[in-house]
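Letter by letter, the chains look like this.
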Amino acid sequence: QGLTPPPTGTIGNKGEKMSEPAAAVEAPAPETPATSVADEPAAEGGAEGQSKKAAKKAAKEAEKAALKAKKAAEVAAREAAAQGGPDPLAHKYGDAPLVQSQARSGKVWTHVKDVAGSTSQYRTVLLRGRVHAVRGKGKSAFLVLRQQTATIQVTFFVDDVNVSKGMVKWVSNLTKESVVDIQGVVMAPESGKVESCTQQDVELVAQSIYCVSRSEPRLPFEIDDASRPETDFDKEDTTYVRVGQDTRLNHRVIDLRTPANQAIFRVQSAVCELFREALRAQDFVEIHTPKLIGGASEGGASVFKLDYMGQLACLAQSPQLYKQMAVESDLERVFEIGPVFRAENSNTHRHLCEFTGLDMEMAIKEHYFEVLDVLDNLFLHMFDGLNERFKHELEVVSQQFPYEPLKYLRPTLRLEFPQGIAMLQEAGVEGVDPLGDLSTEHERILGQLVKEKYDTDFYMLTKYPAAARPFYTMPDPANPDYSNSYDIFIRGEEIISGAQRIHDPALLTKRAVECGIEVDTIQAYIDAFKYGALPHGGCGVGLERVVMLFLNLGNIRKTSMFPRDPRRLAP
């Protein structure tokens, strides 16, 4: 589809407003003589013949004058064009009118990633994207157009049919990150391949270009600098500029335009999609629970407190209590994807004050390993789905952040907590508490030991000490020092904490008191189990942490679109 030329008054090659072209180049008409032939007095005896002769002469003079005027107009047009005046092809480039939803033209835009291969050649396409790079010289210009993770080279060669000197000059002055519409013909590049673009076997020969939105000339940082692999900065003679994390996060809208970030958040979206797929296939129902609650939903974790219409309230630390109540309302199998808030002053690579929780809860018949079976199927489906259906995104991420693909077993490896403690002690690790929680360092070391022994980055650790779990965790009937609980790890870091829940009201009240929970604040939760309760269990998964560890990115801020940590509340 063709592009509608901008209205008269578009920006010219010098940024000046163009006047009406006809008035600028039209030469003035020859002056009319003060006395016409008809006004002259007729000679005696030959007035009629003299009049005809004079009229013929006047017509000949008028013809000469018209020819002279035409030549003058042509000369004026050439001189005006040479001096930056009106361009005969000015309607093929310039600033487009502001998009205000006034009408729909029926034009069809093609995605840059779809312009590829021999089937695209000789097609006329309309593209919209950002100016990633541009350079002009003499009668030619080259522009790299970027749309999300795809780039294509666009060429402009003066031919006075589609491309003029004015267009080349205008294109050369476009600022990086400006949004443009370009129409052109897809051709095979003369060089064989365009190595600097993702669409290497084609280029676009431009026919018209309009700027939809112009970027400020000075960017907070260059997209190229923010897209470089870390290995580029390790070279001794490097002159590249490293873009710091705070600079990136302060200008997150720009940072998110890098190919790797575009891919990372598509992977994050895919994790949610695969999470839903796996659980819906096993008869789970998606629910949505309140985030404003009257009491702490977790024992021991800090909460964000607020005034709720004169009542003390807090932001939910998890949907734990509500998903259990949903199970007891006979939904039996439920899951939720939603925000989770933790007022923990933890300035680490893996903690956030707000993150996205992937939570599930289900009724069990006999044993909490029924939950682990569901989780096994869930994560195998997720990992397989990412590797098979999102190869392109994984490749784009690895170009900037190289990583080893995640190794996992079928079925997933399960170890008991005492086994993990024994592995650490046998490796000579000091300070391990057999009845306490694992420290971050101990988790990392255990992950290395498991990888060496079992060749897997993904495993489950069951039967955690009761003292390390929340008040609603079911104690181990064989040993009250332990509980019917588990953590799941990727690359030596915990992504899941889960357990069988206490469904007996008396035992639940007893455990709440022992853990320092004010029973009045959770009475509605306890009451949910007074009218016949289904045994059940579940877990919570941190979305950002799963993506960070699957891609081995090293910092959770890379997988949170607008991270909230103890030091950051904007943008």
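Residues numbered from 1 in each chain as written. Predicted model: local features only at pLDDT ≥ 70, side-chain atom pairs only at ≥ 80, totals over all residues. Heavy atoms only, no water.

## Side note on the overall build of the protein
From N to C terminus, the protein includes 15 helices and 17 strands. Relative to its 571 residues, the protein shows a buried fraction of 47%. Residue pairs at least 24 apart in sequence account for 70% of intrachain contacts in the protein once pairs closer than 6 positions are excluded. Carbon and sulfur atoms form 51% of the exposed surface of the protein, whose accessible area is close to 29500 Å². (Helix = DSSP H or I, 4+ residues; strand = E, 2+ residues; numbered from the N terminus. Buried < 20%, exposed > 50% of the residue type's maximum accessible area, 1.4 Å probe, protein only. Contact = heavy atoms within 4.5 Å. Areas by Shrake-Rupley, 256 points an atom, 1.4 Å probe, with all protein chains shown as cover.)

## Here's the deal with the packing of aromatic side chains
Taken as a whole, this structure holds 15 aromatic pairs when the rule is applied. Measuring from ring centre to ring centre gives 5.8 Å for Phe383 and Phe550, while their planes differ by 25°; the resulting arrangement is stacked. Taken together, the residues Phe383 in helix 9 (residues 369-389) and Phe550 in helix 15 (residues 543-550) connect sequence positions 167 residues apart. One exposure class covers both Phe383 and Phe550, and it is buried. (Phe/Tyr/Trp six-rings, centres within 6.5 Å; stacked < 30°, edge-to-face > 60°.)

## Some remarks on the pattern of salt bridges
Evaluated as defined, the whole model comprises 33 salt bridges. In this structure, Glu277 and Arg389 form a salt bridge, with 2.9 Å as the shortest nitrogen-oxygen distance. Taken together, the positions of Glu277 in helix 7 (residues 259-280) and Arg389 in helix 9 put the pair 112 residues apart, joining distant regions of the chain. A salt bridge links Arg414 to Asp373; the shortest N-O distance between them is 2.7 Å. Placement of the pair is Arg414 in strand 13 (residues 413-416) and Asp373 in helix 9, with a sequence separation of 41 residues. For Asp373, a relative accessible area of 39% translates into the label partly exposed. It is possible to trace a salt-bridge network through shared partners that takes in Lys323, Asp359, Glu361 and Arg501. (Salt bridge = Lys/Arg side-chain N within 4 Å of Asp/Glu carboxyl O.)

## A look at a nonpolar patch on the surface
A contiguous nonpolar patch, built from Val253, Met561 and Phe562 and spanning about 260 Å² of accessible area, is present on the exposed surface. When you line up the elements, Val253 lands in helix 6 (residues 252-255). For Val253, a relative accessible area of 53% translates into the label exposed. (Patch = residues over 30% accessible without salt bridge, like charges linked within 9 Å, V, L, I, M, F, W, Y side chains within 5 Å.)

## What about helix 3 (residues 165-172)?
Where helix 3 is concerned, the buried positions are Gly166, Met167, Val168, Trp170 and Val171. Against the buried residues of helix 3 lie strand 1 (93-95), strand 2 (124-137), strand 3 (140-147), strand 4 (150-157) and strand 6 (203-213).

## Describing helix 15
Buried residues dominate helix 15, accounting for eight of its eight residues. For helix 15, every residue scored as buried is listed here: Leu543, Glu544, Arg545, Val546, Val547, Met548, Leu549 and Phe550. Just downstream of helix 15 lies Asn552, where phi reads positive at about 55°.

## Let's talk about the sheet that holds strand 13
Across the sheet, which stays open at both edges, the eight strands sit in the order 7-11-12-17-16-15-14-13 with mixed pairing between neighbours. In this open sheet, the two edge strands, each paired with only one partner strand, are strand 7 (285-286) and strand 13. Inspection of the sheet shows strand 16 (residues 493-500) paired to strand 17 (residues 536-542) by five bridges, in the antiparallel sense. From the neighbouring strand, Ile496 faces strand 17, where its bridge partner is Val541. Each of strand 7, strand 11 (333-341) and strand 12 (354-363) touches helix 7; the most contacted strand, strand 11, lies at about 155° to it. Against the sheet, helix 11 (residues 417-426) contacts strand 13 and strand 14 (458-462), and its axis sits at roughly 85° relative to strand 13. (Pairing = 2+ DSSP bridges. Axes fitted to C-alpha atoms, helices over the stretch in contact; angles between N-to-C directions.)

## As for the nonpolar core
By size, the foremost hydrophobic cluster in this structure holds 60 residues, and its most contacted members are Met360, Leu375, Phe379, Met382, Leu386, Ile495 and Leu551. Per element, the largest residue contribution to this core is 12 residues, and it comes from helix 7. Ignoring anything within four residues of it in the chain, the contact list for Leu551 reads Ile264, Val267, Leu394, Val397 and Tyr403. Core analysis: the second largest hydrophobic core is formed by 27 residues, Leu143, Val154, Val171 and Val180 among them. (Core = buried A, V, L, I, M, F, W, Y, C linked by side-chain atoms within 4.5 Å.)

## A look at the confidence of the model for the protein
Confidence along the protein averages 87 in pLDDT terms, with 84% of residues attaining 70 or more. Across residues 1-48, where pLDDT falls below 50, the model places 65 contacts with residues more than four positions away in sequence or in other chains. (pLDDT = per-residue confidence, 0-100.)

## Some words on the sheet that holds strand 8 (residues 292-293)
By definition, the strands of a sheet pair up through backbone hydrogen bonds, in either a parallel or an antiparallel sense. Taken in spatial order, the three strands of this open sheet run 8-10-9, and their pairing is antiparallel. Pairing within the sheet leaves two strands with one partner each, and these edge strands are strand 8 and strand 9 (305-308). Note: strand 9 against strand 10 (residues 311-315), four bridges, orientation antiparallel. Note that in strand 10 the partner of Asp307 across the bridge is Leu312.

## A look at the side chain of Thr110
Within the fold, Thr110 resides in the loop between strand 1 and strand 2. Given a relative accessible area of 17%, Thr110 falls into the buried group. Setting aside residues no more than four positions away along its own chain, Thr110 makes contact with Val115, Arg123, Val125, Leu126, Leu127 and Gln147.

## Some points on unusual backbone geometry
A cis amide bond, omega -5°, links Arg410 with the succeeding residue Pro411. The peptide bond linking Ala570 to Pro571 adopts the cis configuration, its omega dihedral lying at -5°. Within the element layout of this structure, Pro571 appears in the segment after helix 15. Unlike most non-glycine residues, Arg491 shows phi in positive territory, near 50°. Within the secondary structure, Arg491 sits in the loop between strand 15 (485-490) and strand 16. Judged by its relative accessible area of 18%, Arg491 is buried.

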